[in-house]
Protein chains: 2
Amino acid sequence: MIADPLFTDAVAYFQQLQDRIVAALEQLDGGTFRRDDWTREEPAADGPALGGYGRTRVLDGGRLLERAGVNFSHVHGRFTPQFAATMPGEGLEFMAAGISLVLHPRNPFAPTVHMNYRRLARESGGWFGGGADLTPSYFNRADAQHFHDTYRQACAPFADVVDWQALKAECDRYFFIPHRQEARGIGGIFFDHKHDNPARMFEFVQSAGDAFLPSWLPIAQAHIADPYTDAHRQWQLLRRGRYVEFNLVVDRGTIFGLKTGGRIESILMSLPAEARWAYDVRPEAGSAEAAMQQVLRDGFTPLVPAV
Amino acid sequence: MIADPLFTDAVAYFQQLQDRIVAALEQLDGGTFRRDDWTREEPAADGPALGGYGRTRVLDGGRLLERAGVNFSHVHGRFTPQFAATMPGEGLEFMAAGISLVLHPRNPFAPTVHMNYRRLARESGGWFGGGADLTPSYFNRADAQHFHDTYRQACAPFADVVDWQALKAECDRYFFIPHRQEARGIGGIFFDHKHDNPARMFEFVQSAGDAFLPSWLPIAQAHIADPYTDAHRQWQLLRRGRYVEFNLVVDRGTIFGLKTGGRIESILMSLPAEARWAYDVRPEAGSAEAAMQQVLRDGFTPLVPAV
């Protein structure tokens, strides 16, 4: 039996954050998110037993948001011993709840964004994990700086439990496409297995979760109606091809979901509506496309105010 | 040192087959394939040492062929002991040569096709592997039957080394998307690790390789100018999303290439030019889209003439 005093409050927070974000996105786009409440009890065929419920909110083909998914899920089950051994703590039983979001705006100058926070509990205790990261198709230094500034500020009051620089570095390490030798995007924050000081960590997770709308919405509002050409759209679709490559080849969460019989439609909601591949694309020197590619190869380092 | 008496002849066959197929495809499309001759000698960062050369032939954005790639490669290197242990034979040194092809026609009624034949040699001996399989977006029973008939006939004179029914069953097992519980396409033939009777096997590989144009070209010619609507195109793009999922999540060859530092542009040439994902798509009952989906869930069984 798993006892995790924080769990109920974490579930409530993730659910209200989902509602709050969907409301803001509906206001941005003008469209209405579809809502799918699902439950599952059957054990997965080739993986751990899995049951639970969730609420999938999705907008496919919105006026401004080409594809947007904001998921809440609350599952429980039993890890395989092999999988359990890859994580801290004891026991095969687990329960997990979280919010997970991917937004793919239609406008090539409005960046794709991903966010996910989760509480996972085993018999021996629980931990938080998650983060947020930005994936532009065109590099905009001020936007990238704003995104990082927002999370730096969200981390600042919680220096006793998290170090923003470490979370940023972890994000860069995670969202990297080894076979392309380039980053997926310009980073953000990422953390996992944070089991010390759970009450403070929960406060931090709420600070980071609350930072999502301020981190992304102003950037989206600024660019979601920018004029663009078909050439910009084609480059955006190539970048979305890279997003697909990361999610299907590299992302641990997606691969775990696919291999263990998770709910496919919810797992693959992270994929863009459209993606493109072309042979040996080399952006023209000095172009905006070349600048983006260079940033993804070099990595982006935000400025930090002198103390 | 690897001695494989068949290797030189196999290389010559794969190269002339590449030339022959590219010529036929240029005639079909009216466009000209780009040609990239490449060599590599550097050892891969995280995998086996790899050197060799190849010729990539690619048509991106042809009039009828939206994306077509016909590759020849000849590589040599050293397996990691872990990888070597997954294959028959002894020794870490290997050399491999093969032809590999993926054609994605623009017209939704002209099926995608994949074909690959290769010779792989280790110190203890070599073997052939490969096959061909068809991936329509719309099911056409006569086309599917024609494709299978062609390979059944190509196998028939070689009953001493291959059994068509076994090769067909192996193809169905391999080109399956577990997380979707559906086949990638309607099958074809697939084999690997065929090390007995190499001279006869080489004759069979030539028979199968020669069967490629007769297996696919008549189907393509029949449908490549069929009228179609945007709804047909959208369904084709969704099916291409599944193709991407198979190649990036399931296909052993693609994953091996990505994880061992193979030439990315050649490996990912198998991906379509465009792909699409949408949430929880359910084709209308009785529609052509529903019929295709049903065939992919049930599997396709061609008719075999009574003897």
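Residues numbered from 1 in each chain as written. Chains lettered and ligands numbered in written order. Predicted model: local features only at pLDDT ≥ 70, side-chain atom pairs only at ≥ 80, totals over all residues. Heavy atoms only, no water.

### What to know about the sheet that holds strand β2 (residues 50-60) of chain A
Residue and element names in this part refer to chain A. In space, the seven strands of this open sheet follow the order β1-β2-β3-β4-β5-β6-β9, with antiparallel pairing throughout. In this open sheet, the two strands that pair with only one neighbour each are β1 (34-40) and β9 (187-194). The average undirected angle you get between the axes of adjacent strands in this sheet is 5 degrees. Direction of pairing for β1 relative to β2: antiparallel, over a ladder of seven bridges. By the bridge assignment for β2, Trp38 is matched with Gly54. Where helix α6 (residues 230-250) meets the sheet, it contacts β3 (65-78), β4 (93-105), β5 (112-122) and β6 (125-135), and its direction lies at approximately 165 degrees from that of β4. (Pairing = 2+ DSSP bridges. Helix = DSSP H or I, 4+ residues; strand = E, 2+ residues; numbered from the N terminus. Axes fitted to C-alpha atoms, helices over the stretch in contact; angles between N-to-C directions. Contact = heavy atoms within 4.5 Å.)

### Some remarks on the nonpolar core
Residues and elements named next belong to chain B. The biggest cluster of nonpolar side chains holds 68 residues, and the ones touching the most others in it are Ile21, Tyr117, Phe204, Phe212 and Trp216. Per-element accounting of this core gives the leading share, 11 residues, to helix α1 (residues 7-29). Leave out the neighbours within four places in its chain, and Ile21 touches Val70, Ile99, Leu101, Met115, Phe212 and Leu213. (Core = buried A, V, L, I, M, F, W, Y, C linked by side-chain atoms within 4.5 Å. Buried < 20%, exposed > 50% of the residue type's maximum accessible area, 1.4 Å probe, protein only.)

### Quick word on the pairing of strand β6 (residues 125-135) of chain B
Residues and elements named next belong to chain B. In terms of burial, β6 is largely enclosed, as 10 of its 11 residues are buried. Two elements, strand β5 (residues 112-122) and β6, share 11 bridges in a ladder whose sense is antiparallel. Bridge pairing in β6 links Arg118 to Gly129. Connecting β5 to the antiparallel partner β6 that follows it, the hairpin turn spans two residues. Relative to strand β9 (residues 187-194), β6 is paired through six bridges, and the arrangement is antiparallel. Paired with Gly130 across the bridge in β9 is Phe191.

### Notes on the interface of chain A and chain B
Of the residues lining the interface, 29 residues belong to chain A; the matching set on chain B comes to 29 residues. A buried area of about 2,700 Å², summed over both sides, lies between chain A and chain B, and 57% of it is on carbon and sulfur atoms. It is Glu265, Trp277 and Tyr279 of chain A that lose the most area in chain A upon contact with chain B, and together they represent 30% of the buried surface on that side. Connecting chain A to chain B are four salt bridges. For the interface between chain A and chain B, the tally reads 13 residue pairs in polar contact (both at pLDDT 80 or more). Elements with a contribution of two residues or more to the side of chain A that touches chain B: β1, β2, α6, α7 (252-259), α8 (264-267) and β10 (274-276) of chain A. (Buried area = accessible area lost by both parts, 1.4 Å probe. Salt bridge = Lys/Arg side-chain N within 4 Å of Asp/Glu carboxyl O. Polar contact = N/O pair within 3.5 Å; in protein donor to acceptor, adjacent residues only side chain to side chain.)

### Quick notes on the relation of the copies chain A and chain B
After a rotation of 180 degrees and a shift along the axis of 0.0 Å, chain A superposes on chain B with an RMSD of 0.0 Å. Taken together, the turn and the small shift mark the pair as related by a two-fold rotation axis. Residue Ala275 of chain A, judged by its C-alpha, is the member of chain A lying nearest the rotation axis, at 2.7 Å. (Least-squares fit on C-alpha atoms with pLDDT ≥ 70 in both.)

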